[in-house]
Amino acid sequence: MTVTSTELKANSRDIRPGRIIAWTLLLIGGLIMITPLLFMFSTSLKTSGQVYDLRLIPAAPTFDNYIKVLGDGRFMQWFLNSTIIAVTVTISNVFFDSLVGYTLAKFEFRGRYFIFLAILSTLMIPTEMLVIPWYLMSSQLGWLNSYWGIMFPGMMTAFGTFLMKQFFEGVPNDFLEAARVDGLNEFTIWWKIAMPMVVPAISALAIFTFLGNWTAFFWPLIVTTSKELYTLPVGISSFSAEASIQWELIMTGAAIGTIPTLLVFLLLQRYIVRGVMLAGLKG
Amino acid sequence: MAKIELQKLVKEYGKTRAVHGIDLTIEDGEFVVFVGPSGCGKSTTLRMIAGLEDISGGNLLIGGEVVNQREPKQRNIAMVFQNYAIYPHMTVGQNIGFGLYTSKLSKAEKQKRIEETGKILGLEKLLDRRPAALSGGQRQRVAIGRAMVRDPAAFLFDEPLSNLDAQLRAQMRLEIKNLHRRLGTTIVYVTHDQVEAMTMADKIVVMRDGNILQVGTPTDLYENPVDVFTARFIGSPSMNMVEGTIAGGDLSIEGAGASGLGLPTHDGKVLVGVRPHDLVVGEFGGAGLSASGTVEAVEPLGSETLVHLALGKAQVIATAPGRVVPQIGSTVSVHAGTGSLYLFDAVSEKALGRA
Ligand SMILES: Nc1ncnc2c1ncn2[C@@H]1O[C@H](COP(=O)(O)OP(=O)(O)OP(=O)(O)O)[C@@H](O)[C@H]1O
Ligand SMILES: [Mg+2]
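Residues numbered from 1 in each chain as written. Chains lettered and ligands numbered in written order. Predicted model: local features only at pLDDT ≥ 70, side-chain atom pairs only at ≥ 80, totals over all residues. Heavy atoms only, no water.

The name an unreviewed UniProt entry assigns to chain B is ABC transporter ATPase, from the organism Devosia soli. Under Sequence similarities (unreviewed entry), UniProt gives the following word-for-word description of chain B: "Belongs to the ABC transporter superfamily." The annotation that UniProt attaches to chain B under Subcellular location (unreviewed entry) is "Cell inner membrane". (UniProt positions renumbered as here; feature names shortened; annotations may be inferred.)

Going by an unreviewed UniProt entry, chain A carries the name Sugar ABC transporter permease and comes from Devosia soli. In its Subcellular location (unreviewed entry) section, the UniProt record describing chain A reads: "Cell membrane". For chain A, the Sequence similarities (unreviewed entry) comment in UniProt is given as "Belongs to the binding-protein-dependent transport system permease family."

Below, the structure written as structure tokens:
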């Protein structure tokens, strides 16, 4: 630690060309990423007449759009739908991906490798190709136009399972065996011993799953028919389907929609950095 | 409290045999130490006793009952791991309390047990700390506490001290020994450190390549090793071995003279073992073994000096008493009295007797 901090100090004094190039690239990258966001906020503060006036700072900023959007019952419904769906799917992924990942990482059984490969191979199929089978399946089973219909494809993911498996492999067996000798059953060992040791991975998985489902657009659009079941992105985009495209409302909805994702991130990201595992092992 | 019996216990990993059908009885309250080189099957045996490893053959009895098929938790055994394996997300108190996970005691009683255990191990002030904020020795104590709190039939230790520094190791050795005296619970302890074995055990089990070579008290093993391996394994520094021949009731060793020895009846090549502490630098008359050799290295330890000698083809270690430190390259005489020679068959490496 001391070494790195002195290094940092020394480096900040003599600014080397490599550093300038790196900073420039990062700056450009950062700008590219943040500009659409800035325009989103800026547009949400404009009136419909000003939308095509591409100034970043609106001439006459107004919160009218926010009042309008928040006052619209449909928007609140969509917001609620998205919340229910994203939270449910996230909890489901954290639970089932971990359970399967743990089993694959820590138990020896016949066909383990094959199952792992089978799960991984689903990663190679793009979502777009799965939409038709999902749709057919949903329509056969009567899942169209329901929360479950929106959620079922994401209740467990191959990526999450893979991620959790990798992390559980890093949990030393001694912990699990110590718990076994102490009399815990296998499920409790997983839940009380192994899970707390992979909290960083769980947080990352939760963040990604929540974000992915909060912003999911394609599948919810296809599987829902009634507006009451729209998720937020689908609902917001429907603003554009009415008469003329109301960019200022779309952008306002999108801006409000970023708040939960920010909250989730702020809430969970501190667990990602906290590596708790090693402390219980040899000194 | 329980007697543990191993009957022809076998462990196979696929086609390879890690443990070759060993027999052993561990009496109730005994402190038994398994020693042997790395990979000899000590941990595997211990883990079979704990129930963490399936038994491939033979029987394991605890308290007179065959427990081959029982889950670890049904065996009421506590285990302390080399890595301590205390849970980082729990406090010291919670860690110790985890040993009582299946116990039906009331919350208050559990708390009392945790506090008592903490006191015995000198952890009473640390019960609210997390493992990350503990020293290595303290962590090891927490692991022992978790095992102790539940009053198990037996404690199993797998190299519990190997991650500690020498001083702490010596201290923990005593503490574990005292704990055993206090609780009187059966302990099975695995180590590859013969000092730990000698200082702590009631009974030492020497293992090699999945077999038990010898079982006995520390003194037994030191005085009467059954073969070359045990002889060299027990005692530090290791026993010196030089080649010799017994012919017509006389022992001849290249570069050394032997006289007045009561030799076992044997004819042919032998290995003659003599412990460094019995091989003393200086001129002596009388019976025994005497030789002279060139000093190759010296290790002054203060109270004595270890002298490495070239004795013919063999390398041996002798001791010089007091503060005598011979010059490197000089020639010194060494002597071992009668009764201090261990004779082994050169081929089978089995003990023939002492002389
Ligand atoms: N899971 C396993 N699969 C295959 N072979 C194993 C397995 N575990 C142990 N072995 C083998 O069994 C033998 C005994 O191993 P064991 O761990 O009991 O040795 P040990 O005496 O405890 O050694 P150490 O002092 O290094 O801990 C070794 O040869 C080892 O390679
Ligand atoms: Mg071992």
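Participant: What's the story with helix H10 (residues 186-197) of chain A in this structure? I'm lost.
Facilitator: Because the α-helix completes a turn every 3.6 residues, residues three or four places apart line up on one side. For H10(A), spanning 12 residues, the distance from its first C-alpha to its last is 16 Å, which sits close to the expected 16 Å at 1.5 Å a residue. Looking at H10(A), one finds that the buried residues are Thr188(A), Ile189(A), Trp190(A), Ile193(A), Ala194(A), Met195(A), Pro196(A) and Met197(A). Where H10(A) is buried, its residues touch helix H4 (73-106), helix H8 (158-169), helix H9 (173-181) and helix H11 (199-214) of chain A together with helix H2 (92-98) of chain B. Where H10(A) begins, the side chain of Asn185(A) points an oxygen toward the backbone nitrogen of Phe187(A), at a separation of 3.2 Å. (Helix = DSSP H or I, 4+ residues; strand = E, 2+ residues; numbered from the N terminus. Expected span 1.5 Å × (residues − 1). Buried < 20%, exposed > 50% of the residue type's maximum accessible area, 1.4 Å probe, protein only. Contact = heavy atoms within 4.5 Å. Polar contact = N/O pair within 3.5 Å; in protein donor to acceptor, adjacent residues only side chain to side chain.)

Participant: Would you explain the side chain of Asp182(A) in this entry?
Facilitator: Within the secondary structure layout, Asp182(A) lies in the loop between H9 and H10. Residue Asp182(A) is classed as buried on the basis of its relative accessible area, which comes to 5%. Setting aside anything within four residues of it in sequence, one finds Asp182(A) in contact with Tyr87(B), Phe98(B), Gly99(B), Tyr101(B), Thr102(B), Arg146(B) and Arg150(B).

Participant: For this particular structure, what's the right way to read the interface of chain A and chain B?
Facilitator: A common way to express how large an interface is: the accessible area buried when the components associate. Each partner contributes residues to the interface: chain A has 23 residues there, and chain B has 27 residues. Between chain A and chain B, the buried area comes to about 2200 Å², and carbon and sulfur atoms account for 61% of it. For the pair chain A and chain B, the interface holds 3 salt bridges. With a closest N to O distance of 3.4 Å, Arg150(B) and Asp182(A) form a salt bridge. Along the contact surface separating chain A from chain B lie 7 residue pairs in polar contact (both at pLDDT 80 or more). Mapped onto the side of chain A that touches chain B, the elements with two or more residues apiece are H9 and H10 of chain A. A total of 7 residues in the side of chain A that touches chain B trace back to one element, the largest contributor, which is H9(A). For the side of chain A that touches chain B, a count of residues per class yields 12 nonpolar, 5 polar and 6 charged. (Buried area = accessible area lost by both parts, 1.4 Å probe. Salt bridge = Lys/Arg side-chain N within 4 Å of Asp/Glu carboxyl O. Nonpolar A, V, L, I, M, F, W, Y, C, P; charged D, E, K, R; others polar.)

Participant: Can you help me understand the pattern of salt bridges in this one?
Facilitator: Pairs may arise between side chains of opposite charge once their charged atoms sit close together. Taken as a whole and judged by the stated rule, the model has 15 salt bridges over all chains. Note that Glu169(A) is salt-bridged to Lys165(A), the shortest N-O span being 2.9 Å. Placement of the pair is Glu169(A) and Lys165(A) together in helix H8, with a separation of 4 residues, close to one helical turn. Relative accessible area serves as the criterion here: at 9%, Lys165(A) is assigned to the buried category. Of the charged contacts, one joins Lys313(B) and Glu254(B) as a salt bridge, the two residues approaching to 4.0 Å between their closest N and O atoms. One end of the pair, Lys313(B), is in the loop between strand S17 (304-311) and strand S18 (314-321); the other, Glu254(B), is in the loop between strand S12 (250-253) and strand S13 (256-259), and 59 residues separate them in sequence. Accessibility assignment for this pair places Lys313(B) and Glu254(B) in one class, exposed. Through salt bridges that share partners, Glu177(A), Arg47(B) and Glu53(B) make up one connected network.

Participant: Where do I start with the pairing of strand S10 (residues 211-216) of chain B in this structure?
Facilitator: A regular strand carries its side chains on alternate faces of the sheet. The pairing of strand S9 (residues 203-208) of chain B with S10(B) spans 5 bridges and is antiparallel. Residue pairing for S10(B): Val205(B) is matched across the bridge by Val215(B). (Pairing = 2+ DSSP bridges.)

Participant: Help me understand a nonpolar patch on the surface, please; the structure alone is not making it clear to me.
Facilitator: A contiguous nonpolar patch, built from Leu27(A), Leu31(A), Ile34(A), Leu37(A), Leu38(A), Phe41(A), Leu56(A) and Ile57(A) and spanning about 760 Å² of accessible area, is present on the exposed surface. Since its relative accessible area comes to 59%, Leu27(A) is described here as exposed. (Patch = residues over 30% accessible without salt bridge, like charges linked within 9 Å, V, L, I, M, F, W, Y side chains within 5 Å. Areas by Shrake-Rupley, 256 points an atom, 1.4 Å probe, with all protein chains shown as cover.)

Participant: Is there a simple way to explain the sheet that holds strand S5 (residues 65-66) of chain B in this structure?
Facilitator: Either a parallel or an antiparallel arrangement is found when strands of a sheet pair, and the pairing is made through backbone hydrogen bonds. All names here are of chain B. Taken in spatial order, the 4 strands make up an open sheet running S2-S1-S4-S5, and their pairing is antiparallel. Bordering the open sheet on either side are strand S2 (16-26) and S5, each of which pairs with just one other strand. As paired strands, strand S1 (residues 4-13) and strand S4 (residues 57-62) are joined by 5 bridges and run antiparallel to one another. Bridging from a neighbouring strand, Leu-6 pairs with Leu-60 of S4. Where helix H1 (residues 42-50) meets the sheet, it contacts S1, S2 and S4, and its direction lies at approximately 115 degrees from that of S1. (Axes fitted to C-alpha atoms, helices over the stretch in contact; angles between N-to-C directions.)

Participant: What is the right way to read the UniProt feature "domain: ABC transporter" (unreviewed entry) in chain B from this model?
Facilitator: Under the local residue numbering, the UniProt record ascribes the feature "domain: ABC transporter" (unreviewed entry) to residues 4-234 of chain B. Along residues 4-234 of chain B, the helical share is 35% and the strand share 26%, with 25 Å between the first and last C-alpha atoms.

Participant: For this particular structure, what's the right way to read the nonpolar core?
Facilitator: Formed by 59 residues in total, the largest nonpolar core has its most connected members in Phe168(A), Ile193(A), Ile4(B) and Tyr87(B). Here this core gets 6 residues from one element, more than from any other, and that element is H10(A). Each residue touching Phe168(A), except ones within four places of it in the same chain, is listed here: Ser98(A), Gly101(A), Tyr102(A), Ala105(A), Lys106(A), Trp190(A), Ala194(A), Met195(A) and Val198(A). Core analysis: the next-biggest nonpolar cluster, separate from the first, contains 40 residues, Ala147(B), Phe155(B), Leu221(B) and Phe233(B) among them. (Core = buried A, V, L, I, M, F, W, Y, C linked by side-chain atoms within 4.5 Å.)

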